[in-house]
Amino acid sequence: MNSKSKGKLVLYTGSSGVGKGTIMAELLKRNPNIRLSVSNTTRAPREGEIDGVHYNFITKEQFEELIKNDGFLEYAKYCDNYYGTPKKQVEDLLGEGYDVFLEIEVQGGLQILEKYPDVLSIFILPPSMESLSRRLHRRGTEDEETINKRLGEAEREISFKNRYKYNVVNDDLDTAVNEILDILKKESK
Ligand code: 5GP
């Protein structure tokens, strides 16, 4: 339990394959006041993904029921699947004083920027589109058609980077992690 004042909401966006997850894992290790919001999705779990840890994996019907009941802070359809941030979980963690990261794509990000104009917003960029393509192929979790869809989506997403207060290039993992930890420090002064 954390008895500090209300934590900070952090909007954390970057296209598929940019290394958001790897950066996030380091941030969680290095700053115990950070929590990652666990999203709901209708996408099928990838190998090694655990329900309730990486995502709450639910059906389209369950997702649509939650939309109706105003259960989401934001949600979006991305490459044929729904993704959404459960409202209550985020509010509870912020109330407990944690800095809560929303690791979400840009459509949901724009909804958050509209609802919470003061949100601390960070956009992670690849050093180049070629490096993004290489990473998606190396990860090997998607087929060629899905990779191409995700690369097209990435270009569109990157065009929104200036709506975010901070842009961080993930060229070197340690540098990117330190940059984000510095931003958090600076913003909590
Ligand atoms: P993936 O299928 O690779 O796990 O996620 C696809 C995209 O959906 C990523 O950009 C990821 O950040 C985003 N995403 C994950 N959870 C959410 C969410 O709750 N809301 C929105 N809008 N996007 C999400």
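See the structure shown above.
Residues numbered from 1 in each chain as written. Predicted model: local features only at pLDDT ≥ 70, side-chain atom pairs only at ≥ 80, totals over all residues. Heavy atoms only, no water.

Quick look at the nonpolar core now. If you look at the biggest cluster of nonpolar residues, it comprises 24 residues, and the most contacted ones within it are Ile23, Leu27, Phe101, Ile122, Ile124 and Ile180. For this core, the secondary structure elements donating two or more residues are strand 1 (9–14), helix 1 (20–30), strand 8 (120–125), helix 5 (129–139), helix 6 (144–158), strand 9 (166–169) and helix 7 (173–187). The element contributing the most residues to this core is helix 7, with six residues. Apart from residues no more than four positions distant in its own chain, Phe101 is found in contact with Val10, Tyr12, Met24, Leu27, Ile34, Arg35, Leu36, Ser37, Ile180 and Leu184. Leu11, Leu93, Leu102 and Leu125 belong to the second largest nonpolar core, which has 19 residues in total. (Core = buried A, V, L, I, M, F, W, Y, C linked by side-chain atoms within 4.5 Å. Buried < 20%, exposed > 50% of the residue type's maximum accessible area, 1.4 Å probe, protein only. Helix = DSSP H or I, 4+ residues; strand = E, 2+ residues; numbered from the N terminus. Contact = heavy atoms within 4.5 Å.)

Note on helix geometry: an α-helix contains 3.6 residues per turn, so any two residues three or four positions apart are oriented the same way. Buried within helix 5 we find Ser131, Leu132 and Leu136. Along the long axis of helix 5, the arc covered by the buried residues comes to 135°, so they all point the same way. The exposed residues of helix 5 that point more than 90 degrees off its buried face are Glu130, Arg134 and Arg138. If you follow the buried residues of helix 5, they end up packed against helix 6. Phi for Gly140, located one or two positions after helix 5, is positive at around 65°. (Arc of directions from axis to C-beta.)

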